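What follows is the residue order along each chain.
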Amino acid sequence: MGLFRTFVFLLVLYLLQGSNTSLVQLNNNGYEDIIIAIDPDVPEDEKIIEQIKDMVTTASAYLFEATEKRLFFKNVSILIPENWKENIQYRRPKHESYTHADVLVAPPTVPGRDEPYTRHFMECGDKGEFIHFTPDFVLGKKQNEYGPAGRVFVHEWAHLRWGVFDEYNEDEPFYKAKSKKIEATRCSTGISGMNRVYKCQGDSCISRSCRIDSQTNLYEKDCQFFPDKIQNEKASIMFMQSIDSVVEFCSAKNHNREAPSIQNKKCNSRSIWEVISNSEDFNNTVPMVAPPPQPAFSLLKISQRIVCLVLDKSGSMASGNRLNRMNQAAKYFLLQIVENGSWVGMVHFDSSAYDKSQLIQIISSNERNKLSETLPTTASGGTSICSGIKSAFQMIKHSFHQTDGSEIVLLTDGEDNTVSSCMEDVKQSGAIIHLIALGPSADQAVIEMTNITGGLHQLSSDQAENNGLIDAFGALASGNTDISQQDLQLESTGLTLTNDHWMNGTVIIDSTVGKDTFFLVTWGQQCPDISLWDPSGTLMGGFTVDTNSRMAHLSIAGIAKVGIWTYSLKAQVSPETLTITVTSRASNSSVPPITVNAKMNKDTNSYPSPMIVYAEVQQGYLPVLGANVTAFIESQSGKMEILELLDNGAGADSFKNDGVYSRYFIAYRQNGRYSLKVQAQGGTNAVTRSLRHPLNKALYIPGWVVNGEIEGNPPKPEVNEDTQTALESFSRTASGAAFVVSNVPTNSFPDVFPPSQITDLDAKTDEDQITLTWTAPGDDFDVGKVQQYIIRTSGSILDLRDNFDDALQVNTTDLLPNEANSKETFTFKPGNISEENATHIFIAIQSVDKSNLTSQVSNIAQVALFIPQADSSPDENPQNPSPGENHHNTGVNISTLVLSVVGSVVVVSIILSTTICILKKKKSVSRPSTGF
């Protein structure tokens with residue numbers, strides 16, 4: 001359980017602040033500002049730092065050659081945990097934090113799982129989230145199983161930076177090749193090896209040839225591909241970079257398009273090099289003449305948090321209850337969100353700036369209350385954002401002599417045409433700028449400050465019932481704090497009441513949370529009657545009422561009871577706007593809480609390009625399946641769009657049952673900013689935690705073929721990936737970063753959205769028929785119902801992909817489309833394939849909507865026109881041990897022994913029979929004649 005918990009630290013730190021927040025830059029062919037973070041629960045070991053340096057240095061040279069002398073690693077920051085000893089080499093970070101880590105060095109997600117992997121759940125060509133290495137892997141203890149660390153780093157970097165996928169498939173390790181043989185899923189096919197079942201018991205190992213499964217006509221489940229140790233093939237790094245000769249990515253020339261690899265499935269059968277060559281990195285560089293310099297390293301040690309609130313009190317804040325809503329949200333941050341041990345100060349600004357509280361360290365509620373008393377009470381004057389920022393810098397320098405790594409939380413509702421005057425100061429400060437934009441007129445230029453400093457960009461509209469400001473401040477938990485100290489939002493909702501004066505609801509507190517549970521109620525005019533009952537029906541009292549800020553809050557002592565808490569708020573006036581927010585912390589530091597993280601696929605977008613909403617629901621790293629996940633997307637004017645997110649592996653969702661719930665967003669209301677909030681709920685026994693291995697990982701090497709014999713590696717830990725643990729009921733909410741949309745038409749909206757691409761087409765044969773299954777797209781991406789399907793077949797995968805309209809069309813007259821996200825099934829008899837010597841039928845679908853807009857061609861499914869033959873190698877192959885090795889066979893193959901004994905008996909029997917026969921003949925010849 002300890003190992004399971006420790007990984008949670010870095011993962012959740014990364015997730016809570018949003019994803020795809022890498023600070024990596026490409027400058028003169030070299031990657032700069034890479035961040036490798038070491039988990040605080042990794043025992044202190046300076047060898048890890050040295051091994052990281054060695055890994056990156058060797059990876060840089062390997063990457064340089066693999067990218068045809070284009071790309072290398074220039075500088076890397078290594079984040080040292082706060083609980084490691086001080087060292088004169090360690091410096092305080094600037095913008096670097098766990099939030100922006102590109103590589104995490106952390107204990108395995110489940111004990112024994114040391115596989116290096118990359119968290120990547122977006123589309124082909126999109127960047128991933130982070131790379132995860134375990135300490136044992138970094139220290140070189142897993143080199144036999146995964147290969148040299150530098151090579152593995154390049155494999156994972158390709159996932160992370162260029163959005164390519166693996167050229168193997170653990171779910172489909174073999175396929176029926178056009179050679180009419182069963183081949184291992186790999187690229188390139190020039191990589192040689194043996195297909196074998198290899199079993200070990202104790203010190204004895206037995207190898208035999210693979211048998212064909214009568215159901216699949218492929219090799220049995222236990223069959224594995226063992227590569228030859230000595231190879232000449234140079235590709236591909238995304239299959240098995242551990243092979244000594246492999247130094248390239250598969251290209252169009254040697255790409256294995258017929259294999260059911262993840263790369264083929266997700267990237268439309270394009271090779272790795274084709275995807276990389278189309279990347280921004282590739283297009284912005286040219287091959288270098290001279291070799292690159294070795295990477296430079298910075299050692300940075302996490303230290304205490306320093307935060308200064310810079311709050312707008314200009315005249316525009318007096319309208320729409322903005323000033324009071326800001327105070328409510330800021331007070332919530334001070335009372336509940338900011339962590340103990342942090343240093344916090346406050347600056348107000350209008351046309352000028354005012355230091356209201358010097359930095360003080362949060363030790364108890366006394367400091368929190370003292371800071372709350374310095375919130376602004378009146379609004380007037382103009383807007384000078386730079387004055388506020390510069391004043392905050394001076395305040396921080398006064399106490400700490402530098403601003404490196406400090407955080408500025410800037411809230412503003414207005415524009416300031418002088419913002420550019422302090423942009424250089426911001427760049428040089430080493431501080432992080434977080435922006436909370438209030439209303440439609442908040443300054444756009446400040447977004448650049450958040451981008452260059454790695455800060456968070458949040459939006460709140462003037463619709464108080466949407467609770468945007470409180471959500472924005474709630475998202476400002478530290479990126480460098482253990483998850484057990486961070487507040488998780490269980491509920492965030494509001495209503496504007498007119499005829500009905502009651503706002504009733506429930507909140508679920510599950511067993512993974514319950515510590516420091518905090519209930520916050522806000523109102524616009526008059527304090528409502530507040531009633532709260534715990535799961536046993538006990539009425540809870542003790543709310544602290546702040547009439548000036550128009551808010552009331554209650555902290556539950558100890559660990560809150562697990563179960564359903566019920567609240568009832570009765571408004572005293574009409575109309576009235578009420579909100580309720582509930583947060584809690586992990587109840588047990590050794591048990592990871594259930595978390596949800598929300599993000600869009602990009603920060604800026606231009607109409608009519610679609611966007612994708614993502615929500616990760618996890619306990620620790622392990623995915624939570626079966627949750628009800630809803631996204632709330634609000635424009636800056638307060639218009640709300642609600643989407644149900646799905647984890648079905650179709651449409652916008654890349655992988656089924658990976659705990660990432662997705663959906664297309666195309667309901668653009670206007671130009672400008674949008675905010676994102678996600679709610680995840682699970683009922684008892686309706687949700688499960690899956691033990692499935694992560695995708696996008698370096699391939700485990702089961703062993704090598706040396707001189708015709710298998711030299712096996714220790715088997716992977718036995719984990720039943722189908723095991724799913726039922727979870728209790730829970731509820732979570734989380735805010736994603738704001739995003740900006742442009743070019744939205746102001747008049748009527750024409751139909752510009754086609755159906756989404758079908759990505760899960762599958763084909764099965766039954767005698768002379770083919771049955772297809774897929775998930776239905778919608779009239780507009782994944783909403784509505786398409787008008788018709790066009791199904792075409794070909795004997796050539798490339799012809800079908802590149803010349804779909806010319807391929808043979810299947811009669812689909814009887815195929816009536818269902819609503820989006822329904823399961824579609826269609827059976828047909830294939831026509832004659834025009835290609836000579838065709839060994840497969842390849843099938844693809846295109847959808848057409850009512851405006852005659854067509855989708856992209858689907859993924860390509862295939863069926864074989866033959867029954868493959870198994871390898872003709874001997875059925876049994878005993879493995880003899882090498883000196884000093886325990887994992888090879890130390891005895892004689894039992895089957896061979898039995899056959900030898902039986903054969904010997906037969907030979908002896910034949911000899912005896914022949915001898916007896918000869919002797920009888922001799923007797924007969926020497927006997928006297930008795931004839932007449």
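Refer to the structure presented above.
By convention here, each chain's residues receive numbers from 1 onward along its written sequence. Given that the model is predicted, a residue must reach a pLDDT of at least 70 before its local features are reported, and side-chain atom pairs must reach 80 or more before they are shown or counted; all residues, however, enter totals for whole chains, interfaces and linings. To obtain the side-chain values, all non-hydrogen atoms of the structure were included, while hydrogens and water were left out.

Student: Help me out: how do you make sense of the sheet that holds strand 43 (residues 762-766) in this one?
Tutor: Within a sheet, neighbouring strands are paired by backbone hydrogen bonds and run either parallel or antiparallel to one another. Only when DSSP finds a minimum of two bridges between them are two strands counted as paired. For helices the rule is a DSSP run of H or I covering at least 4 residues; for strands it is a run of E covering at least 2, with both sets numbered from the N terminus onward. Spatially, the three strands line up as an open sheet ordered 43-44-47, and their pairing is antiparallel. Each of the sheet's edge strands pairs with one partner strand only, and the pair in question is strand 43 and strand 47 (823-828). Strand after strand, the sheet turns through a mean of 20° between neighbouring axes, direction not considered. Of the pairings in the sheet, the one linking strand 43 to strand 44 (residues 769-775) comprises five bridges and is antiparallel in character. Its bridge partner lying in strand 44, Asp-766 is registered against Gln-769. Helix axes are fitted to C-alpha atoms over the stretch in contact, other axes to C-alpha atoms as well, and angles between N-to-C directions run from 0 to 180 degrees.

Student: How do you make sense of the packing of aromatic side chains when you look at a structure like this?
Tutor: By convention here, two paired aromatic rings are described through the distance between centres and the angle between planes. Pairing of aromatic side chains requires ring centres within 6.5 Å, counting the rings of Phe and Tyr and the six-membered ring of Trp. Pairs whose planes differ by under 30 degrees are stacked, by over 60 edge-to-face, and all others tilted. Summed over all chains, the structure comprises 30 aromatic pairs. Judged by centre distance (6.1 Å) and plane angle (75°), the rings of Tyr-607 and Tyr-668 are edge-to-face. Placement of Tyr-607 in the loop between strand 31 (604-606) and strand 32 (611-619) and of Tyr-668 in the loop between strand 36 (660-665) and strand 37 (672-682) is noted, with a sequence separation of 61 residues between them. Tyr-668 carries the same exposure label as Tyr-607, and that label is buried. Between Trp-774 and Tyr-789, the ring centres sit 5.1 Å apart and the planes meet at 85°, which makes this aromatic pair edge-to-face. One end of the pair, Trp-774, is in strand 44; the other, Tyr-789, is in strand 45 (residues 788-794), with 15 residues separating them in the sequence. In this pair, the class of Trp-774 matches that of Tyr-789, namely buried. Here the aromatic residues Tyr-607, Tyr-664, Phe-665, Tyr-668, Tyr-674, Phe-739, Phe-753 and Phe-781 are joined through ring pairs into a cluster of three or more. The rule is short: NZ of Lys or CZ of Arg within 6 Å of the ring centre and within 35 degrees of the ring normal puts a charge over the ring. Arg-70 extends its terminal NZ or CZ atom over the ring of Phe-282, reaching a point 3.8 Å from the ring centre. The lysine or arginine in question, Lys-266, covers the ring of Phe-655, its NZ or CZ lying 4.6 Å from the ring centre. Partly exposed describes any residue whose relative accessible area lies between the buried limit of under 20% and the exposed limit of over 50%, with all areas from a 1.4 Å probe on protein chains only and scaled to the type maximum.

Student: I keep staring at the state of the cysteines and nothing clicks. Help me out?
Tutor: Each disulfide consists of a covalent bond between the sulfur atoms of two cysteine residues. The definition used for a disulfide is geometric: two cysteine sulfur atoms within 2.5 Å. Applying the stated criterion across every chain, the model contains five disulfides. Each sulfur of the disulfide joining Cys-200 and Cys-205 lies 2.0 Å from the other. Negative torsions about the S-S bond denote left-handed disulfides, and the value of about 110° found for Cys-200 with Cys-205 makes this one right-handed. Take the cysteines of the protein that form disulfides and number them in order along the sequence; they join up as 1-8, 2-7, 3-4, 5-6, 9-10.

Student: Mind showing me how you'd approach the environment of Leu-334 here?
Tutor: Note on placement: Leu-334 falls in helix 10 (residues 322-337). On the basis of relative accessible area, Leu-334 is assigned to the buried category, the value being 1%. Placed 118 residues apart in sequence, Leu-334 and Ile-452 show a C-alpha to C-alpha distance of 26 Å. Residues in contact with Leu-334, not counting those within four places in the same chain, are Leu-309, Val-344, Met-346, Arg-368, Leu-371 and Ser-372. Note on definitions: a residue-residue contact is assigned when non-hydrogen atoms from the two residues lie within 4.5 Å.

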